[in-house]
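Below, each chain spelled out in residue letters.
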Amino acid sequence: ITAYTDLKDWYPFSQYAILAELKIADAHFHLEEYLQAIAAYEQFENLHPRNEAIPYVINQIGLCWFNQMDTVDRDITAAKKAMAQFRRLMEQFPESEYAQEAPERIQACIDKIAGHELYVAKFLMKTGQYLAALKRFEYIVEYYPGTPQSEIALSLIPECAALAEDAKKD
């Protein structure tokens, strides 16, 4: 990182200065310093929006978020941001080699997000918040159809609805 920064500083108008900017971001990525890598990739994209490496940059930003995804009981912001980057890659550069792997990664993000929603819904149901749980189950079925989580949610809706109705009567 220091060497690339020095190159960039000493020869700012060199053709290698642009490459050094990208290599700084890559170095942060490989050191698993994902937030610094995202900032460096985004800065590269802002400074060089027409550069041929932009599909790679978008993919790398997506991977930075993707690699930060945690278990379903944790915050899902990283999964949402990763999914947004991979979708942007597919929309803006559908012919790119990086866009070929994007659908699988998007599906992994959807599984993580739907898994989180299901985890929260089950927790709400377990703690007696039946109406809130019911809304979460319905949300999963509506927005994540075809996922294993939506099948589970669909199977739990009748039980949760009955419990919510019983709770209303009390």
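Up top is the structure these notes are about.
For the structure given in this document, a descriptive report is provided here. In this numbering scheme, every chain counts its residues from 1 along its sequence in written order. Given that this is a predicted model, residues contribute local features only at a pLDDT of at least 70 and side-chain atom pairs are listed and counted only at 80 or more, while totals for whole chains, interfaces and linings are drawn from all residues. Side-chain metrics rest on all non-hydrogen atoms present in the structure, leaving aside hydrogens and water.

We now examine helix α2 (residues 15–30). Helix numbering and strand numbering both begin at the N terminus, where a helix is a DSSP run of H or I of at least 4 residues and a strand a DSSP run of E of at least 2. In this scheme, a helix's expected span is set at 1.5 Å multiplied by one less than its residue total. For α2, which comprises 16 residues, the first-to-last C-alpha distance of 23 Å matches the rise-based estimate of 22 Å (1.5 Å per residue) to within 8%. In this scheme, a residue with accessible area under 20% of its type's maximum is buried, one over 50% is exposed, and one in between is partly exposed, where area comes from a 1.4 Å probe on protein chains only. Taken together, the buried positions of α2 are Ala 17, Ala 20, Glu 21, Leu 22, Ile 24, Ala 25, Asp 26, Ala 27, His 28 and Phe 29. Here a residue-residue contact requires only that any non-hydrogen atoms of the pair lie within 4.5 Å. Close packing links the buried residues of α2 with α1 (2–10), α3 (34–47) and α4 (54–66). Within 3.5 Å is the distance limit for a polar contact, defined as a pair of N or O atoms, with the added protein rule that one can donate a hydrogen and the other accept it, and that residues adjacent in sequence qualify only through two side-chain atoms. Capping the start of α2 is the job of one residue whose side-chain oxygen sits 3.0 Å from the backbone nitrogen of Tyr 16: Ser 14. One or two residues past the end of α2 sits Glu 32, with phi positive at roughly 60 degrees.

The subject of this paragraph is unusual backbone geometry. Of note, the phi angle at Glu 32 is positive, near 60 degrees, even though the residue is not glycine. Among the secondary structure elements, Glu 32 is positioned in the loop between α2 and α3.

A pair of sulfur atoms, both from cysteines and within 2.5 Å, is called a disulfide here. In total, this model carries zero disulfides according to the counting rule given. Left unpaired, Cys 64 is separated from the closest cysteine sulfur, that of Cys 109, by 13 Å. Residue classification places Cys 64 among the buried residues on the basis of a relative accessible area of 0%. Judged by its relative accessible area of 0%, Cys 109 falls in the buried class.

For the rest of this paragraph, the subject is the environment of Lys 135. Relative to the assigned elements, Lys 135 resides in helix α7 (residues 130–143). A relative accessible area of 53% places Lys 135 in the exposed class. Measuring from C-alpha to C-alpha, the distance between Lys 135 and Glu 45 comes to 40 Å, with 90 residues separating the pair along the chain.

Right, let's get into the packing of α7 against helix α8 (residues 148–169). For the pair α7 and α8, interaxial distance at closest approach is 8 Å and the crossing angle is 155 degrees. Classed by the angle they form, the pair α7 and α8 counts as roughly antiparallel. As α7 packs across α8, the resulting crossing turns out to be left-handed. Between α7 and α8, the residues in contact are Tyr 130, Leu 131, Ala 133, Leu 134, Phe 137, Glu 138, Ile 140 and Val 141 and Gln 149, Ser 150, Ala 153, Leu 154, Leu 156, Ile 157, Cys 160, Ala 161, Leu 163, Ala 164 and Ala 167, respectively. Taken together, the residues that form the contact of α7 with α8 break down as 16 nonpolar, two polar and one charged. Axis lines are fitted to C-alpha atoms, over the contacting stretch for helices. Their N-to-C directions set the angle, which ranges from 0 to 180 degrees. Here is the rule for angles: anything less than 35 degrees is roughly parallel, anything more than 145 is roughly antiparallel, 65 through 115 is roughly perpendicular, and the remaining ranges are oblique. Note: crossing handedness is left-handed where the near helix turns anticlockwise from the far helix by less than a right angle, and right-handed where it turns clockwise. Three classes are used, and their members are as follows: Ala, Val, Leu, Ile, Met, Phe, Trp, Tyr, Cys and Pro are nonpolar, Asp, Glu, Lys and Arg are charged, and the others, Gly among them, are polar.

Let us now look at helix α6 (residues 102–126). End to end, α6 covers 36 Å across 25 residues, agreeing with the expected 36 Å (1.5 Å per residue, within 8%). Count one or two residues on from α6 and you reach Gly 128, which has phi positive near 85 degrees.

Any carboxyl oxygen of Asp or Glu that lies within 4 Å of a side-chain nitrogen of Lys or Arg is treated as forming a salt bridge with it. For the coordinates displayed, the defined rule picks out three salt bridges. Between Arg 105 and Glu 101 there is a salt bridge, with its nearest N and O atoms 2.7 Å apart. On the basis of relative accessibility, which here comes to 17%, the residue Arg 105 falls in the buried class. Residue Glu 117 is joined to Arg 136 by a salt bridge in which the shortest nitrogen-to-oxygen separation is 2.7 Å. Taken together, the positions of Glu 117 in helix α6 and Arg 136 in helix α7 put the pair 19 residues apart, joining distant regions of the chain.

Here we come to the packing of aromatic side chains. The criterion for an aromatic pair is that two Phe, Tyr or Trp rings (for Trp, the six-membered ring) have centres within 6.5 Å, with stacked assigned to planes under 30 degrees apart, edge-to-face to planes over 60 apart and tilted to the rest. Counted according to the given criterion, the structure contains six aromatic pairs. With a centroid separation of 5.7 Å and an interplanar angle of 65 degrees, the aromatic rings of Phe 29 and Tyr 34 are classed as edge-to-face. The exposure classification of Phe 29 matches that of Tyr 34, with both residues buried. A ring pair is formed by Tyr 41 and Tyr 56, whose centres lie 6.5 Å apart and whose planes are at 80 degrees; its orientation type is edge-to-face.

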